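Here's the letter readout for the chains.
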Amino acid sequence: MIAQNDIFLKNTDMQESSASSALIELWGVSKHYQQGTEIVKAVDDVSMQVQAGDFVSITGRSGSGKTTLLSLIGCLTAPSTGGVRVFDQTIQSLSDSEVSALRAERIGFVFQFASLIPTLTALDNVRLPGIFADSLVGNKYALELLDWVGLSDKRNNYPAELSGGQQARVSLARALANKPDLLLADEPTGNLDVETEWEILSLLRDLNLSQNMTVLLVTHNPELAKYGNRHLVMHSGDLSESYEWLQEKGVEHA
Amino acid sequence: MKDINLFNLALQNLRRKPYRSVAIGLCVAVMTGSLFAATIILRGVQTSLSVGQARLGADLVVVPTGYKAPAQEAFITGQPTTFYMSDQIEAQIADLPGVAQTSSQVFVQTLTNASCCIGEFFLVGFDPQSDFTISPWLVTHLDGQPLGPLDVIAGDRILLREGDGATFYGTNFRIAGVLERTGMGIDRTIYVPIEGLRQMIADSAELAEETLTIPPNEISSVMVSIAPGADVIDVAEAIEGNLSGVNVFTASQLNQAVARQMQGVMGITFGVTATLWLMSLLLVGLIFSLIVNERQRELGLLRAMGARGRAVFQLVMSEAGLLTGMGGVIGLLVSGVLLMSFSRLIQLRLRIPYLLPSMLEIIGVEVGLLALALFTGALASLQPALSISRMEPYAAVRRGE
Ligand SMILES: Nc1ncnc2c1ncn2[C@@H]1O[C@H](COP(=O)(O)OP(=O)(O)OP(=O)(O)O)[C@@H](O)[C@H]1O
Ligand SMILES: [Mg+2]
């Protein structure tokens, strides 16, 4: 299949002890779900590494396991088999408080679907993650973030009063509230118009370039996917480097 | 929101479903309030009894055969009753071994529409010379002056005060003193010196609308105190054995009479409140599993933002605590106000001795019941709170979709 290289490893028994500077490291990770009598392999034996500062695009058909993969990396769920290492910590060995602290302080998650808290205004939604981190999110910083996504005038609106795209942008602002090192964005541009889609992409690129934030972006739009410095494709739980992308970058493959 | 924290988040969530929140709060309020009322009434009876028993002042009360129950009722609730026996009996009792003191009393017919006083009350003649049961309990009395034949002593509920005048059966009396409140029948009794009473009876033919016909040599009861070292039961048996036509009851039998009377009412009351408590427990439990269910996704999102399992647990528990706590406070307040306003009605309607317990005790009961309300909330929401706090964030987010 595809040649192994330093940024992408598949079906390899990588040991947890193997020294590496990777920000994210998965080895032999599977996530199985029981659906009736059937076992769904949402993520099937995936091994990968992501370096700090990478901008990784992930595409794949609906149901191929992208959200599941992101949830595994974001410590929102535990793998059925295999191991996950983020920020040099093996997730399975951490307590709930430690994993929670990691999520609060270092990882920002933008969900695929509306994820704002309906009882809170846009501004309060952005401030919300602060109560779970070491320091609260100040009003001023929350406003800056809203401003950055172009919504400072909607600060006092409730999610129900925002359009889908506006909600998505508030979600992005909220994911950044605790100044994470890693941003996991699951189709933040889901059902937005092309223009808004590009706007959000450029915000993400900006974060990646100016703050060296590691970004994993799941998208259905192949055009958007090109803007990563890596492009991964999920196929029925399998993860592989995008063929086109490899070709474009001139990487050899067997 | 000014300060964004778990507590405010919980408060906000309760406001989101005002009707549901109010319904739970009310349920807990009713539960706490009725438990409070039942407890305070029960304690009120016990307080009244212990005061009243001391106040009876006598170890034994001797009445004509067959009048034990009405006599006890008269002491407990002030329900007027009349019965008579020969005044020879007092002397015969005084001669028996173990008897230290005796004093007789004469009960007079009901006064329902005396011009002086509101409500039904009870007129009792007593002998100031031999009396040892009433005089010691005067809270106010005319200084230094011995009780004249027309100087009467009023129970606390008569609504007359020292120095007031009052006319019974055409005879003018003066209130010489007011008795300390007991919550028992004594509060609705007016004690008249026997000399004045006999005069009133004699004059009633001429002065009153209704003529009293109580022969001068008849009495209603004899109060007995026993000598130190003598046994109450022995003396009681000796009296009933040696004298014919009399019944004896002891001070402690008054308690038993009340206990019998109370058993039915209190049994039902506590049965009902226990059921109420169980129902609120189930209701709060049910509603909180619903709440947690419908908010699974949201709680999962909080977890994804970095909330620990413990924080989500605390959030759900604070919502339950806030609801049941507020419900409890409201229940206690309303029930407290009702109890204070209607304590006299309670006493009359339930025909029980009733004295409001001390403030300290009331506060103690309130604190205890508030704790019970909070405990109910905690117990009811424990399972849903635990299950959501232990759920994987991804599963919670996904299941709520
Ligand atoms: N909690 C679950 N229980 C059962 N099956 C699940 C669960 N979560 C995911 N799956 C299954 O795992 C597979 C991958 O789901 P996933 O959400 O990761 O797909 P996706 O690539 O994000 O799809 P989409 O592009 O539509 O969002 C699907 O077949 C889905 O039905
Ligand atoms: Mg998805």
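Since the model is a prediction, treat every value here as computed from it, not as a measurement. (Residues numbered from 1 in each chain as written. Chains lettered and ligands numbered in written order. Predicted model: local features only at pLDDT ≥ 70, side-chain atom pairs only at ≥ 80, totals over all residues. Heavy atoms only, no water.)

A.B. asks: Any details on the overall build of chain B? Residues and values, ideally.
C.D. replies: A tally of helices and strands in chain B yields 12 helices and 12 strands. A globule of 401 residues ought to have a C-alpha radius of gyration of about 21 Å, yet chain B, at 30 Å, is considerably larger. Counting only C-alpha atoms, chain B reaches 95 × 45 × 35 Å along its principal axes. Counting across all 401 residues of chain B, residues that qualify as buried make up 51%. Partitioning the contacts of chain B with sequence separation of at least 6, the portion at a separation of at least 24 is 80%. When the accessible surface of chain B is totalled, it reaches about 17700 Å², and 59% of it is carbon and sulfur. Looking at chain B, you have 26 positive and 33 negative side-chain charges, and the mean spots of the two groups are 26 Å apart. (Helix = DSSP H or I, 4+ residues; strand = E, 2+ residues; numbered from the N terminus. Rg over C-alpha atoms; globule rule 2.2 N^0.38 Å. Buried < 20%, exposed > 50% of the residue type's maximum accessible area, 1.4 Å probe, protein only. Contact = heavy atoms within 4.5 Å. Areas by Shrake-Rupley, 256 points an atom, 1.4 Å probe, with all protein chains shown as cover. Lys, Arg positive; Asp, Glu negative; His and termini not counted. Charge placed at Lys NZ, Arg CZ, Asp CG, Glu CD.)

A.B. asks: Which residues make up the site of ligand 1, and what are the values?
C.D. replies: Ligand 1 sits among 17 residues. The nearest are S62, K66, T67, T68 and Q112 of chain A. The residues that come close to ligand 1 belong to more than one chain, namely chains A and B. A distance of 2.6 Å separates an oxygen atom of ligand 1 from a polar atom in the side chain of S62 of chain A. Taking T68 of chain A, its side chain carries an N or O atom lying 2.5 Å from an oxygen atom of ligand 1. (Near = heavy atom within 4 Å. Polar contact = N/O pair within 3.5 Å; in protein donor to acceptor, adjacent residues only side chain to side chain.)

A.B. asks: Let's hear about the interface of chain B and chain A: which residues, and what values?
C.D. replies: Between chain B and chain A, the residue contacts involve 27 residues of the former and 29 residues of the latter. Sorting the residues of chain B by area buried against chain A places I4, M305 and Y394 of chain B first, and these three jointly supply 31% of that buried surface. The tally of links from chain B across to chain A stands at two salt bridges. Of the charged contacts, one joins D96 of chain A and R303 of chain B as a salt bridge, the two residues approaching to 3.2 Å between their closest N and O atoms. Where chain B touches chain A, the interface holds eight residue pairs in polar contact (both at pLDDT 80 or more). Looking at the side of chain B that touches chain A, the elements that each hand over two or more residues are α1 (6-16), α8 (296-304), α9 (309-341) and α12 (393-399) of chain B. Here the element with the most residues in the side of chain B that touches chain A is α8 of chain B; it accounts for six residues. Counted by class, the side of chain B that touches chain A contains 12 nonpolar, five polar and 10 charged residues. (Buried area = accessible area lost by both parts, 1.4 Å probe. Salt bridge = Lys/Arg side-chain N within 4 Å of Asp/Glu carboxyl O. Nonpolar A, V, L, I, M, F, W, Y, C, P; charged D, E, K, R; others polar.)

A.B. asks: Outline the domain arrangement of chain B, supporting the account with residue identities and numerical values.
C.D. replies: Residues and elements named next belong to chain B. Domain annotation of chain B identifies domain 1 (6-50 + 258-399) and domain 2 (66-244). The centre of domain 1, based on its C-alpha atoms, is set 48 Å off from the matching centre of domain 2. Listed as interface residues are 14 residues of domain 1 and, on the opposing side, 11 residues of domain 2. Summed over both sides, the interface of domain 1 with domain 2 buries roughly 1000 Å², with 47% coming from carbon and sulfur. Where domain 1 packs against domain 2, one counts zero residue pairs in polar contact (both at pLDDT 80 or more). Sorting the residues of the side of domain 1 that touches domain 2 by element identifies α2 (18-56), α7 (251-294) and α10 (343-350) as the ones contributing at least two each. If you tally residues by element for the side of domain 1 that touches domain 2, the top one is α10, at four residues. In terms of residue class, the side of domain 1 that touches domain 2 is made up of seven nonpolar, four polar and three charged. (Domains from an automatic or database assignment.)

A.B. asks: Describe in detail the coordination of the magnesium ion (ligand 2), supporting the description with residues and values.
C.D. replies: The protein atoms that coordinate the magnesium ion (ligand 2) are T67 of chain A (OG1) and Q112 of chain A (OE1), at distances of 1.8 to 2.3 Å. Taken as a pair, T67 of chain A in helix α1 (residues 66-73) and Q112 of chain A in the loop between β6 (107-110) and α3 (122-127) lie far apart in primary sequence, 45 residues in all. (Donors = N, O, S within 2.8 Å, 3.2 Å for Na, K, Ca; no water.)

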